[in-house]
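Each chain, written out:
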Amino acid sequence: MRQIMRPVNGQHAVSRSGRQLGIWFVLLFLLLGMPGPAARAQDATPADASSLAAARAAAKGLGETLKAQLVAAIKAGGPVAAVGVCRSIAPAIAEDQSQAHAVKVGRTALKVRNPANAPDAFERRVLEDFVRKINAGADPASLEHTETVTQNGESVFRYMKAIPTAAEPCLTCHGSNLEPALKAEIQRLYPDDQATGFDPGELRGAFTVTQKRK
């Protein structure tokens, strides 16, 4: 008669434990070999998050304060007065917001009125990318860009927020049909002005923010 070999005491339990241990080793290997969420998504560091919050606040502060001043100037003295106000107070507002948020904030565009606001190579690249996205159907009000770059051997956080052309007050001074007196004043103050002929929804320019890394 064929002898049936029975497992010694505990052999099945040992086999099951061995298989389970092997499975856990395989899972552990896979988990260690796979990139985690930070590696896959490249989550922002706390420093990036802090810089982004400061940049957004500075851009918002500059935009809202300048718009309020321009609307008040138009109501008080018409578009001609608004051009003078923008020329005189915009730099001061930018400086106030820069100090308040420990960044440097300003405005730039592909077509500038003030030559001092002409874009550098980084800003031009981002502005042109904004234009491509708008032409593809993106909402200009939603467009922003962040990047950490090296400038003069220093690490610098850079942020840009698109400025869409609004019917009011933008087109008053940047549209196609300017009042003769306004046109003459712009030519007097800005002989090399490029910032007219815009339509609603086009990219007027962008707020630009820089912050040196410590």
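Residues numbered from 1 in each chain as written. Predicted model: local features only at pLDDT ≥ 70, side-chain atom pairs only at ≥ 80, totals over all residues. Heavy atoms only, no water.

Enquirer: Give a detailed account of the nonpolar core, specifying residues and quantitative values.
Expert: Among the nonpolar cores identified, the biggest contains 21 residues, and Leu62, Tyr159 and Val209 are the most heavily contacted of them. Here the element with the most residues in this core is helix H3 (residues 46–101); it accounts for 14 residues. In contact with Val209, not counting residues within four places along its chain, are Ala55, Val103, Lys104, Val105, Phe157, Arg158 and Tyr159. Core analysis: the next-biggest nonpolar cluster, separate from the first, contains 12 residues, Ile134, Val156, Met160 and Leu203 among them. (Core = buried A, V, L, I, M, F, W, Y, C linked by side-chain atoms within 4.5 Å. Buried < 20%, exposed > 50% of the residue type's maximum accessible area, 1.4 Å probe, protein only. Helix = DSSP H or I, 4+ residues; strand = E, 2+ residues; numbered from the N terminus. Contact = heavy atoms within 4.5 Å.)

Enquirer: How would you sum up helix H4 (residues 121–135)? Please name residues and give values.
Expert: The terminal C-alpha atoms of H4, which comprises 15 residues, lie 21 Å apart, in line with the 21 Å expected from a rise of 1.5 Å per residue. Among all positions of H4, only Phe122, Glu123, Val126, Leu127, Phe130 and Ile134 are buried. Projected down its long axis, H4 carries its buried residues within an arc of 125°, all on one side. Among the exposed residues of H4, those pointing more than 90 degrees away from its buried face are Ala121, Arg132 and Asn135. Among the structural elements, strand E1 (104–108), strand E2 (144–151), strand E3 (154–164) and strand E4 (203–212) are those in contact with the buried residues of H4. Between the side-chain oxygen of the N-cap and the backbone nitrogen of Phe122 there are 3.1 Å, and the N-cap of H4 in question is Asp120. Just beyond H4, the residue with positive phi is Gly137, at close to 110°. (Expected span 1.5 Å × (residues − 1). Arc of directions from axis to C-beta. Polar contact = N/O pair within 3.5 Å; in protein donor to acceptor, adjacent residues only side chain to side chain.)

Geometric descriptors of this kind do not, in isolation, establish any biological role.
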